[in-house]
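# Understanding the architecture of this molecule
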Amino acid sequence: MKSFIAKYFSLLVLLLLVVGCNGVKKELTLEEQAFEKVEVLESLMNEARSKSIDVTREETVLWFSKEFLKFADWDETNKDAVEKLFGYERYYAENKAQLALDLPDFERKKVVQILDKGIDDLNKAISGEITRRPVNKVDWQNTKAGDNMFVSNGKPSFPYDYFSKTVGQPLTNDQVYNDHLGAIYHGGENLYPVDHDRAINSFLVKEDGTFDDELMKELTSIPDTNIGFLIYWSMGIPEWVEAKEPEIRKGRSLFTGFDIDNPLARDVWGKIIRHTGELTKGKKVTELGYIFANEPHWFSEKNHWTSNYKEMNDISSYTLNNFRSWLKNKYNGNIKTLNTNWETSFASFKNVEIEIPIDKALTGKPIWFDWNRYNMDRVTDWFKFNQDELHAVNPDADTHIKLFPRTFYEDSRSHGMDFEALTELTTMIGHDAKALGSPSIRAHINSDWVEQYAYKWDGMAILHDFLESVAPNKINVNSESHFLSSGMWRDMEARTSYVRNVYWLSTLMGMDANMGWFWARDPDGSPEDRLEGELNFFDPGLGGAYAGSNNMQPHIANEVTQVMYDLNTFSEEIVKLREQPRPLRLFYSETSAINTSNYMTKNGKLYKSMFFEGLPLGFVTKNIIEKQDNSTWNTVVVYNTKYVTDAEFNALQSYLNNGGTVILDSSESLSMNEYGQKRNKKLSASKGNLIILNDTDISNIKSKALAEIADHMPDVVVESDNGKDFKTTISRVVKQDNGSYLLNLLNVGHDTTKIKLSLKSGAPIKIKDLMTSNPVDSEFDLASEEVLLLEITK
């Protein structure tokens, strides 16, 4: 009876608000509607507490509602400042005045929407229509890095927060660091300007080798209460270093402001890393690791976007001399062999010259391979130096690099980033994986993915599957997740269903912690310190990042926390689903990636074609074959891989010798070495199974590959029909110890998909929605971007 009264009391209150005592209809403002719904939700929460129903989710709905109502008031009072912020983003600049005028009520309208949903959900919980698990919160003080996951109270934990968060606010401010926004302590998140506010940077060390104690306090004053991460921010360089070393910036990259081959740079950074490593050893702020770089890349090809920056399109004398030494070792000291390969006539290795940026017309030529392979080796050596310096004083320190995803899944390989080598090097997987929830706001960015999918998921997915294949037992940290907005996209009307889907999918695929881009509201509603006054930052930098972001979207900010609550509440199930074998592997060759102009484009299409078949995909490389247990997969597909080193070829042959199965698309693959010289050897089946298709059609390759792993398909059969000739439903199944099955379904398509579930055995089944505890029929509709976590019993 009480629940009946509670359910209809809320409707009565709203009715009385609309109709006054004299019966005349009263039009409520959005703000009045919101505050009255706040009262309704608070009343329901009190009733729920009296029935021992967890209201953590509703506490967050209330928190974001009240915060954004405050933000809306600030935005209304400070229209000129908001207009300026819209103006920094060229996509919004033309309509900045109208956008600033509309923003306060837009925020209030979205607050009303999240309150309506909160009221509806809690009414269902009170009435018994649904039964929810209590939220398993992140323990911000005591979560620990385990072997391959973060652990809290004996369970997997997925910490969340924002990267670059209200700079200028103290870490102890519970209006900024809390369950709603996350409470991961940050060391060094102030990107613009780059040299202060808890950053570990080049300015910490003085010319005499001593340290700036005042700047160091930004690091040492971090309270040892919450888990966190530290970042080595290497964009700036002191004037005294430039005075001593004129070449210090020659060959720099965007976020690394100096030449990594420069001896003075290494001396400076070696001192900084050792000293800060000693000072922070064992501190909670290092639990999520030390991040060695922000989106490192050293593109070195002509007509790349980095060509706008002169110092990035050159190399120092140190880099050139190191390249000469690398070449001497690669060619065993024989300059004649190099000259034959390069079609040059250098007298000796010390006379070798190369034009940087290098012409892309040389793709596939020996000089192209040598430079790009060397560029990767030197970058790996730089990060090895970083890690060696840190581990010399802090051997247990966890490390990762914020790898720039585009440098993996796009075709160019002139950037110096060997994702496999760097992931093998560090103790954690690191990156800032991205997705696009709407077509790009940049005209030059191809958004043809929207013809098939509700959002662009594939770049994030292929990155996770590759990195998790390289390092299956390492923690995976996304230290700047661009799921909500980026320089390429943002959408004021972004969908909460997209937010739930993309965060769930990335966590299912391996993400253990994420810090989103970005939270920039001070508690009073004003933008953080760096966004006040006049800005001169390049786009897409901080200046243009605020407009159209989650800082203006209460529905999006709230949904991030709601989905992270659910992921943490079902963390054990998520880990079971993702910790299963990858029986089908795609062979990845860095050699072919360097030498083939469209390697990732073509191989990405094969990857996408196989992604929706109900099993996690994986990759193999020479190193994976040599270092990992080959019995954890069944079949390797080699596609569009013309160039491989002898070592790569031999690894595949060894896999066959040990009984493995290899599907080769055609005799063209594996036919050349790294220099385009024809290989006389061909793979032989030996004790394994070698299938040569002589067919590069992706659908035929897919059919053959799936036939080879038919015995590894799940016991639960998932039939999906979206009315299209391509699939959009992602399914993952795992059998539990009690004989039941966990099934996760995600729809990344635009349309509702008809789902039919059954067992291979034909036995009858019972299905339960774990999020609501309600039964589910074996045939049902899966809405666009819907996520379901089901339990299936016989």
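Residues numbered from 1 in each chain as written. Predicted model: local features only at pLDDT ≥ 70, side-chain atom pairs only at ≥ 80, totals over all residues. Heavy atoms only, no water.

Counting its secondary structure elements, the chain contains 24 helices and 24 strands. A globule of 794 residues ought to have a C-alpha radius of gyration of about 28 Å, and the chain, at 28 Å, matches this closely. Overall size of the chain, expressed as C-alpha extent along the three principal axes, is 100 × 70 × 50 Å. The buried share of the chain, taken over its 794 residues, is 61%. The contacts of the chain with a sequence gap of at least 6 include a subset with a gap of at least 24, amounting to 77%. Here the chain displays about 30700 Å² of accessible surface, and carbon together with sulfur accounts for 48% of that area. Separation of charge centres in the chain, based on 89 positive and 117 negative side chains, amounts to 4 Å. (Helix = DSSP H or I, 4+ residues; strand = E, 2+ residues; numbered from the N terminus. Rg over C-alpha atoms; globule rule 2.2 N^0.38 Å. Buried < 20%, exposed > 50% of the residue type's maximum accessible area, 1.4 Å probe, protein only. Contact = heavy atoms within 4.5 Å. Areas by Shrake-Rupley, 256 points an atom, 1.4 Å probe, with all protein chains shown as cover. Lys, Arg positive; Asp, Glu negative; His and termini not counted. Charge placed at Lys NZ, Arg CZ, Asp CG, Glu CD.)

Our focus in this paragraph is unusual backbone geometry. The omega angle of the peptide bond from Ile 356 to Pro 357 is 10 degrees, so this bond is cis rather than trans. With respect to the helices and strands, Pro 357 occurs in the loop between helix H11 (335-342) and helix H12 (366-393). The omega angle of the peptide bond from Trp 517 to Phe 518 is -15 degrees, so this bond is cis rather than trans. Considering the arrangement of structural elements, one finds Phe 518 in the loop between strand E11 (513-516) and helix H17 (542-545). Of note, the phi angle at Asn 153 is positive, near 55 degrees, even though the residue is not glycine. Mapped onto the secondary structure, Asn 153 falls in the loop between strand E2 (150-152) and strand E3 (155-157). Residue class for Asn 153 comes out exposed when judged on its relative accessible area of 68%. For Asn 332, which is not a glycine, the phi torsion comes out positive at approximately 55 degrees. Residue placement: Asn 332 occurs in the loop between helix H10 (317-330) and H11.

The next point concerns the sheet that holds strand E17 (residues 716-721). With respect to topology, 3 strands assemble into an open sheet ordered E17-E20-E23, the strand pairing being antiparallel. With one partner strand each, in any of the chains shown, E17 and strand E23 (779-782) form the two edges of the open sheet. Averaged over neighbouring strand pairs, the angle between their axes works out to 30 degrees when direction is ignored. Pairing of strand E20 (residues 753-759) with E23 involves 4 bridges; the strand directions are antiparallel. (Pairing = 2+ DSSP bridges. Axes fitted to C-alpha atoms, helices over the stretch in contact; angles between N-to-C directions.)

Let's shift gears to the packing of aromatic side chains. Following the criterion strictly, the structure yields 48 aromatic pairs and no others. Geometrically, the ring pair formed by Trp 140 and Tyr 160 is edge-to-face, given 5.1 Å between the ring centres and 75 degrees between the ring planes. Here Trp 140 is found in the loop between helix H6 (96-127) and strand E1 (144-145), whereas its partner Tyr 160 is found in strand E4 (residues 160-162), with 20 residues between them in sequence. We note that Trp 140, like Tyr 160, is buried. Summarising the aromatic geometry, the rings of Tyr 607 and Phe 611 are spaced 5.6 Å apart at their centres and angled 40 degrees between planes, so their arrangement reads as tilted. Its relative accessible area of 1% is what places Tyr 607 among the buried residues. (Phe/Tyr/Trp six-rings, centres within 6.5 Å; stacked < 30°, edge-to-face > 60°.)

Here strand E21 (residues 766-769) shows a clear split, with Ile 767 and Asp 769 buried on one side and none of Lys 766 and Lys 768 buried on the other. Sheet analysis places E21 next to strand E24 (residues 787-793), joined by 4 bridges and oriented antiparallel. Its bridge partner being in E24, Lys 768 is matched across the sheet by Glu 791. Here E21 pairs with strand E22 (residues 774-776) via 3 bridges, running antiparallel. Looking across to E22, one finds that Lys 768 is bridged to Pro 775. Between the end of E21 and the start of E22, which pair antiparallel, lie 4 residues, with Ser 773 showing a positive phi angle near 65 degrees.

What follows concerns the side chain of Thr 635. Along the polypeptide, Thr 635 turns up in strand E14 (residues 635-638). For Thr 635, a relative accessible area of 0% puts it in the buried group. Among the polar contacts listed, one links the side chain of Thr 635 to the side chain of Asn 634, at a separation of 2.5 Å. If we skip the residues at most four places from it in the chain, Thr 635 touches Pro 583, Leu 584, Arg 585, Tyr 655, Thr 661, Ile 663, Glu 708 and Ile 709. (Polar contact = N/O pair within 3.5 Å; in protein donor to acceptor, adjacent residues only side chain to side chain.)

Here the focus is the sheet that holds E24. If you walk across this open sheet you meet the 5 strands as E18-E19-E24-E21-E22, and the pairing is antiparallel. The open sheet terminates on both sides in strands that have one partner only, identified here as strand E18 (729-735) and E22. On average, adjacent strands in this sheet sit at an angle of 30 degrees to one another, irrespective of strand direction. Across the face of the sheet, helix H16 (residues 496-508) comes into contact with E18, strand E19 (741-747) and E24 while running at roughly 135 degrees to E19. Packed on one face of the sheet, helix H19 (residues 571-578) meets E18, E19 and E24 and runs near 85 degrees to E19.

Remark: helix H15 (residues 458-470) packs on helix H21 (residues 599-610), axes separated minimally by 11 Å, with the N-to-C direction vectors making an angle of 90 degrees. Classified by the angle between their axes, H15 and H21 sit roughly perpendicular to one another. Across from Asp 458, Ala 461, Ile 462 and Asp 465 in H15, the residues of H21 making contact are Met 600, Gly 604, Tyr 607 and Lys 608. (Parallel < 35°, antiparallel > 145°, perpendicular 65-115°, else oblique.)

What follows concerns the pattern of salt bridges. Where side chains of opposite charge bring their charged atoms close, a pairing between them can arise. A full pass over the atoms with the stated rule returns 61 salt bridges. Glu 301 serves as the salt-bridge partner of Lys 360, at 3.9 Å between the closest nitrogen and oxygen. Of this pair, Lys 360 sits in the loop between H11 and H12 while Glu 301 is found in the loop between strand E7 (290-294) and H10, placing the two residues 59 residues apart along the sequence. Since its relative accessible area comes to 7%, Glu 301 is described here as buried. Each of the salt bridges in this network shares a partner with another, and the network as a whole consists of Asp 54, Arg 57, Arg 500, Glu 559 and Asp 566. (Salt bridge = Lys/Arg side-chain N within 4 Å of Asp/Glu carboxyl O.)

Quick look at helix H18 (residues 554-569) now. For H18, which comprises 16 residues, the first-to-last C-alpha distance of 23 Å matches the rise-based estimate of 22 Å (1.5 Å per residue) to within 8%. For H18, the buried fraction is high: 16 of the 16 residues fall into the buried class. (Expected span 1.5 Å × (residues − 1).)

For soluble globular proteins, nonpolar side chains are generally found buried alongside one another. The biggest cluster of nonpolar side chains holds 205 residues, and the ones touching the most others in it are Phe 383, Trp 457 and Tyr 607. The biggest single contributor to this core is H6, with 11 residues. In contact with Trp 457, other than residues within four places in its own chain, are Leu 505, Tyr 607, Lys 608, Phe 611, Phe 612 and Val 748. (Core = buried A, V, L, I, M, F, W, Y, C linked by side-chain atoms within 4.5 Å.)

Moving on, we get to the side chain of Asn 550. Secondary-structure assignment places Asn 550 in the loop between H17 and H18. Given a relative accessible area of 0%, Asn 550 falls into the buried group. When sequence neighbours within four positions are dropped, the list of residues in contact with Asn 550 reads Phe 68, Tyr 162, Leu 484, Trp 517, Phe 518, Trp 519, Ile 556 and Ala 557.

On to the environment of Gln 653. Relative to the elements of secondary structure, Gln 653 occurs in helix H23 (residues 646-657). On the basis of relative accessibility, which here comes to 13%, the residue Gln 653 falls in the buried class. Along the sequence, Gln 653 and Ser 686 sit 33 residues apart, while their C-alpha atoms lie 8.3 Å from each other. Apart from residues lying up to four places away in sequence, Gln 653 is in contact with Lys 682, Leu 683, Ser 684 and Ser 686.

Attention now moves to the confidence of the model for the chain. Averaged over the chain, the pLDDT score is 94; the fraction of residues at 70 or greater is 94%. A low-confidence stretch, residues 1-8 (pLDDT under 50), is modelled with 10 contacts involving residues beyond four sequence positions or located in other chains. Here residues 189-197 is a poorly scored stretch, pLDDT under 50, and it has 37 contacts once near neighbours within four places are set aside; other chains count. (pLDDT = per-residue confidence, 0-100.)

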